[in-house]
Amino acid sequence: MATTSTRIPSGAYVDRRLVGGSAALMTVGFVTYALGAAVGAIALVSAVRRYVARLEEPPQVTVRRRFGQARSATAAGVGAWRDYDRDALSDAVR
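Here is a short report on the structure shown in this document. Note that the structure is a prediction, hence the values are computed from the model and not measured.

Attention now goes to the overall build of the chain. Per the secondary structure count, the chain includes 2 helices and 0 strands. Per-residue burial over the chain gives 0% buried out of 94 residues.

What follows is the structure, given as structure tokens:
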């Protein structure tokens, strides 16, 4: 009869100290990355705030003005298109 062995094969052994050390190093690396990202984000936000503070008019006013210009240009284009269609139709009827 065959006997079964309760020994663990040598290929299945995992050194827990190495796994724990690698987990600790990865944690330190992630924390370092997160701190660096936070410092970079704070620097970027403060730079944008300084830039906006130095503008002559607030961005909201600029957007409203540009939107009004776009709306006027669209209305002028639609009016020109209708006039063209009306003129082309009256020329075709003659």
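Over its 38 residues, helix α1 (residues 16-53) runs 55 Å from end to end, which matches the ideal 56 Å to within 8%, given 1.5 Å per residue. Looking at where α1 begins, the residue whose side-chain oxygen comes 3.2 Å from the main-chain nitrogen of Arg 17 is Asp 15.

What follows covers a nonpolar patch on the surface. Taken together, the side chains of Leu 44, Val 48, Tyr 51, Val 52 and Leu 55 define a hydrophobic patch exposed on the protein surface, amounting to about 460 Å² of accessible area. Looking at where Val 52 falls in the secondary structure, it is placed in helix α1.

Position of Asp 15 among the secondary structure elements: in the segment before α1. Owing to a relative accessible area of 22%, Asp 15 belongs among the partly exposed residues under this scheme. A polar side-chain atom of Asp 15 sits 3.2 Å from the main-chain amide nitrogen of Arg 17.

It is worth spelling out the pattern of salt bridges at this point. Between side chains of opposite charge, pairing is possible as soon as their charged atoms come close. Tallying each qualifying case throughout the model produces 2 salt bridges. We note a salt bridge from Arg 65 to Glu 57, for which the minimum N-O separation is 2.4 Å.

Analysis parameters
- Residues numbered from 1 in each chain as written.
- Predicted model: local features only at pLDDT ≥ 70, side-chain atom pairs only at ≥ 80, totals over all residues.
- Heavy atoms only, no water.
- Helix = DSSP H or I, 4+ residues; strand = E, 2+ residues; numbered from the N terminus.
- Buried < 20%, exposed > 50% of the residue type's maximum accessible area, 1.4 Å probe, protein only.
- Expected span 1.5 Å × (residues − 1).
- Polar contact = N/O pair within 3.5 Å; in protein donor to acceptor, adjacent residues only side chain to side chain.
- Patch = residues over 30% accessible without salt bridge, like charges linked within 9 Å, V, L, I, M, F, W, Y side chains within 5 Å.
- Areas by Shrake-Rupley, 256 points an atom, 1.4 Å probe, with all protein chains shown as cover.
- Salt bridge = Lys/Arg side-chain N within 4 Å of Asp/Glu carboxyl O.

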